[in-house]
Structure formats: C-alpha cells, structure tokens
Amino acid sequence: MQLKTILNHVQKFKSFVYGNIVWLDCEDGNPAVLVEIMPRSNSKSICSGCGNPGPGYDTLPPRKFEFVPLWNIAVFFIYALRRVNCSQCGIKVERVPWADGKNTVTKPYMQFLAGWAKKLSWKETALAFHTTWEKVFRSVEWAVEWGLAHRDLSNVQSIGVDEVLWHRGHKYLTVVYQIDSECRRLLWVGKDRTIRTLLLFFRTFGKERSAQLLFVCTDMWKPYLKVIAKKASQAIHVLDRFHIAMHMNKAIDEVRAQESRSLKAKGLEPVLTHSRWCLLKRPENLTDKQEIKIIDLLRYNLKAVRSYLLKEDFQFFWDYFSPHWAGFFLDRWCTRAMRSRIEPMKKVARMLRSHRELLLNWFRARKTISSGVIEGFNNRLKLTTRKSYGFRTFRAAEIALYHTLGSLPEPEWTHKFC
Ligand SMILES: [Zn+2]
C-alpha cells in the first residue's frame, strides 16, 4: 500500500490530487514527509475573496503546510498557490480546502492540536507533538473562532452572569453562561466587571435574543444589576444562592479574624486558631476533627460562633416553596442579624434586605434554575485557569475559556484524527 492511498482515505480533496511524496530533511535534523499537491486538471481556481471560480492569473512559489504527523514523523503538504483574476475582487490568491488565508498549519492539524489541548495544557500539547506553544494557541484560536461563527444562539432562555478573578492582582473577567437545563455552556467572556463590560455582552447578544430571555441569574454586584434592569427587564432576575453563601462566608471570615486578634491581644486562650474551615464549611462536610472543634467552639459565646449559627440558620431560607413565607423568614433573619451587634453580619443583612425582591425571585424561578449550575461552572473555570496555559494576555484566557466551557461545534471531516 502506498502512502497516497492512506492520504486519500483520511483526507481527500475534490479539486486537488496528491503528487510525489518524498523525504524532507528538516532544520532540526529530523526527517519529515513532504507531500506534493496539484490541482486536478481542468479544475478552476476559486477566488478567496468571494468564493466564485475565476480565470487564472499566475502561480506563486510553492509553500509548505503542516499536516497531522504520521507515526511521530512530521508531514508537510507542498503546494503552489494560484492567483485568480476575479471580476469582482481583482487579483486574489485562490482558496484551498486545507488551509485558511496565510496560515501555514492545515485545518485538520489545527483541529487535531485543539482537540488535544482540551485534554492537556497547551504546553503539554506542544511538547507531545513537537510543536510550539504559539502554534497550539493559534490552533485553539482557530477552532474557537470557527465554533463561535457556527454556534446556534437561537434558544437561549436563561443566563447566569458571574465575575471571576483571573490574574494576579485585581483583574476581573465577566462571564455569561447559558444555564438552561437542556443546554449549559459559556456564552461570553469580557474584560473587567463594569457596566460597560456587561453592556458589551448585550450588544453582541443582540436586542432580539435579549428580549427572549426568561431568567437572569447574578451576584449582587451593582453594575450587573443596573445593566440587567435596563437590557433584560422582562426576565425574572434571580440572585444566585452560591453567591449569597460566598458573601456570608466572607463576613464570617472577617468576624473570626478580628475576634482572633482581639483574643490574642487580651492574652486569652487562642480558641479560634485553626477554626477557619470549621466555620466556613457546611456541617455535613466537616471531618471528624473539625466536628470536634465546632462542638468545642460552641461552648464559648464568641462573635464568630454566633455568626456561624446565623449563617447555618439562613440555610432554611432555601427550603421554602412559597415566596411569601420565604419573605417572612428573610425579614425575621435580617432582624436577628441586625440585633447581633456583629458589624459584618449586619452588613450582610442590610444587603439581603435591599435585594429582597430579587432574592424572592429565586422561589418564583426555582423550577427552572438549579442553584448549582453557576457554582459548577465557576469550579470548572478555576480548573481551566489553574492549568498553566500561559495566560499572560486576556486573549489567551478568553480563548481557553471558550474552548473548554463553550461547547462549541467543530468542523466535520470524513476522518477523525483524534
Ligand atoms: Zn472574488
């Protein structure tokens, strides 16, 4: 069997044929396979500007295109691109099915690398296939751009908006997810977490689609609340349970740290040392050791402990079915928190009070929105950013997130290389 037979099996082109196949000595000392490609006789070249066939103008010097390696041997196509004298676009280089524009890596190889870059980090992918980080990045970028151009956004009913820290220092990204039960994916990534950021999402998403939204789920971040009230006023705006737990935990952390310092200053027994996770975790997630610590802590009338009990009590809020009784519970909880004389907890209570209606929307939407979705995405997102992708730029972070969380469609080829 000849190599040409295999090539025709994995990648056959309508208007082109494979010619000679020879060894090629690469600069790195490793041999590679060079596959000549020629236009099929009588085939007309296609204008890359408009996609119509046109009369030939001239032929450029041959160029190499990197294809999927075979048995760890690099494979290159070599082809002399023709230029077309197009009646609409003037003199243009022809369109070829294996590569885009000026790209010297073929589309199947880019898809191959992008596929592996979902399983490995970009650096690991580059190492595994003897290529560069840059080429892996370009491949993923190409796959993402293709996916974004071909995805279907017609039936988005529920979205979740979240902010994430992504860089050392205080740099934020705004992420928008689709959280419908039949389709969950990342829809959009933007720089910062300002009014402008979210406005930009709604601009890209379009007026018509925004008007179709039924539910929007967010944090209590003011710029988001403002934009959603303006751009998707018809949707039920729900405050996310996961974010409320985060605010609560932040308050407890503050109380505990303050109290721990003042106890130490007074020379009292440092009861609060090693208590941080006991107070932040849900009781069912505590280890045996942490459970003993909590029981021990409960003996003291400490602010941190009282805050912990307030937080645990708030969990009952989510068990209600009727917004009316949930509202009643919320008001009572807030009154208790306000009387606790613990400033961080009072702050939480004030925040919950001022967002009462949005909080109660959770009960109006509870059949549609499951509370764990955003949290799940948040964890997967952290995993993506933690894997070292060399995210020095926003562009790299954006591309990696779309690639791993976007559920983007992929071009269909007759042969799957990975
Ligand atoms: Zn044209």
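Before reading on, note that the structure itself is shown above.
Residues numbered from 1 in each chain as written. Predicted model: local features only at pLDDT ≥ 70, side-chain atom pairs only at ≥ 80, totals over all residues. Heavy atoms only, no water.

## Here we look at helix H14 (residues 356–364)
Counted only if it meets this: Throughout this description, buried means an accessible area under 20% of the type-specific maximum (1.4 Å probe, protein chains only), exposed means over 50%, and partly exposed covers the range between. Think of it this way: any DSSP run of H or I at least four residues long counts as a helix, any run of E at least two long counts as a strand, and we number them from the N terminus. Between two residues, a contact is recorded if the distance between any of their heavy atoms is within 4.5 Å.
Regarding H14, the residues found buried are Leu 359, Leu 360, Asn 361, Trp 362 and Phe 363. Of the surrounding elements, those touching the buried residues of H14 are strand E12 (236–239), helix H8 (241–265), helix H12 (323–339) and helix H13 (343–354).

## Regarding the side chain of Lys 311
Note that Lys 311 resides in helix H11 (residues 303–314). Excluding residues within four positions of it along the chain, Lys 311 makes contact with Met 248, Asn 249, Ile 252, Leu 279, Leu 280, Lys 281 and Met 345.

## Observations concerning helix H2 (residues 107–119)
Cut-off, in case you're wondering: The span you would expect from a helix comes to 1.5 Å times its residue count less one.
Taking 1.5 Å per residue as the helical rise, H2 with its 13 residues ought to reach 18 Å, and the 19 Å between its terminal C-alpha atoms agrees with that figure. Buried residues belonging to H2 abut strand E4 (63–70), helix H3 (122–128), helix H4 (133–150) and helix H16 (394–405).

## A few points about the pattern of salt bridges
Working definition: two side chains of opposite charge can pair if their charged atoms are close together. Just so we agree on the cut-off: By convention in these notes, a salt bridge is any Lys or Arg side-chain nitrogen within 4 Å of a carboxyl oxygen on Asp or Glu.
Tallying each qualifying case throughout the model produces 21 salt bridges. Measuring nitrogen to oxygen at the nearest pair gives 2.8 Å for the salt bridge that ties Glu 343 to Arg 350. With a closest N to O distance of 3.1 Å, Arg 395 and Glu 398 form a salt bridge. Taken as a pair, Arg 395 and Glu 398 lie in helix H16 at a separation of 3 residues, close to a single helical turn.

## A word on empty space enclosed by the protein
For clarity, the cut-off: Grid spacing is 1 Å over the protein atoms alone, the probe is 1.4 Å, and a cavity is where that probe fits but cannot get out, while a pocket is an open set with protein on both sides within 12 Å along at least five of seven lines and lining residues have an atom within 4 Å of a point. Grid points are joined across faces, edges and corners, and a volume is the space filled by probe spheres set on the points. All residues other than Ala, Val, Leu, Ile, Met, Phe, Trp, Tyr, Cys, Pro, Asp, Glu, Lys and Arg, Gly among them, are scored as polar; the first ten of these are nonpolar and the last four charged.
Under the counting rule described, the total for this entry stands at 1 cavity of 30 Å³ or more. Reported here for the largest cavity is a volume of approximately 30 Å³. Every residue along the wall of the largest cavity is listed here: Ile 244, Ala 245, Met 248, Phe 314, Gln 315 and Trp 318. Here the element with the most residues in the lining of the largest cavity is H8; it accounts for 3 residues. Grouping the constituent residues of the lining of the largest cavity by class yields 5 nonpolar, 1 polar and no charged.

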